[in-house]
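Fold and contact review
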Amino acid sequence: YKAGMQELFEEIRDSLRNAAAPDWRERSRLAIQAYLRALAGSPELSWSFTIANLGAGAAVLDQRSWVLDQWVNQWRALQTLREDADPQAPKISNGTLLAMVGGIEELVRDCLHRRGENALPRLAPAIIEFTRIVPDGNTKKRQGRERGATACDKNSRNEDKEREKSTRKTGK
């Protein structure tokens, strides 16, 4: 599992090494396309990486945690390029990057399950859009423009307020 994931990461790094573009958006696009091509080219491994490992034991889940850390580190490097290009850009937390990685994984898992590995490269536009919206959404929220907040966001804020009230009352 780990060796296969290291090969996958190496394929992505190779695609970026050959890219002259310093722009984080272009590098993200290239990395996503390389990732999807590599998964589509290795159907057994892509199934193992995204679906079979979920039913595995603690040792495989530890390896999966390592893999998620690697993805977050790769996205952190791209976000650093973004922040260098735009010093006004707010920092993106590792938690947000992990959530983004989880969303990408879920799109891949769903595609493998419903449409098969040959359909994976067709996910690129949706994933590219998603990886650009996450930082932009973070920017808008920090600038106080929350008009696009979802019901879930609003419920979460209400639950936080209720929890604060309850904590003040009970002292817990």
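Above this text sits the structure in question.
Residues numbered from 1 in each chain as written. Predicted model: local features only at pLDDT ≥ 70, side-chain atom pairs only at ≥ 80, totals over all residues. Heavy atoms only, no water.

Attention now goes to the overall build of the chain. The helix and strand tally for the chain stands at 7 helices and 0 strands. Looking at the chain as a whole, 34% of its 172 residues qualify as buried. For the chain, restricting intrachain contacts to residue pairs at least 6 apart in sequence, the fraction spanning at least 24 positions comes to 68%. Approximately 10,400 Å² of the chain is accessible, and the part contributed by carbon and sulfur atoms is 51%. (Helix = DSSP H or I, 4+ residues; strand = E, 2+ residues; numbered from the N terminus. Buried < 20%, exposed > 50% of the residue type's maximum accessible area, 1.4 Å probe, protein only. Contact = heavy atoms within 4.5 Å. Areas by Shrake-Rupley, 256 points an atom, 1.4 Å probe, with all protein chains shown as cover.)

Let us look at helix 5 (residues 94–114). Its 21 residues give helix 5 an end-to-end C-alpha distance of 30 Å, which sits within 8% of 30 Å, the value for a rise of 1.5 Å per residue. Along helix 5, the residues that are buried comprise Leu97, Met100, Val101, Ile104, Glu105, Val108, Arg109, Cys111 and Leu112. Phi turns positive one or two residues past the end of helix 5, at Gly116, with a value near 90°. (Expected span 1.5 Å × (residues − 1).)

Further remarks concern the pattern of salt bridges. This structure, assessed with the given rule, holds 9 salt bridges. In this structure, Arg13 and Glu10 form a salt bridge, with 3.3 Å as the shortest nitrogen-oxygen distance. Of this pair, Arg13 and Glu10 both sit in helix 1 (residues 2–17), 3 residues apart, roughly one helical turn. With a relative accessible area of 35%, Arg13 lands in the partly exposed category. Where Asp14 meets Arg17, a salt bridge forms, and the shortest distance between an N and an O atom there is 2.3 Å. (Salt bridge = Lys/Arg side-chain N within 4 Å of Asp/Glu carboxyl O.)

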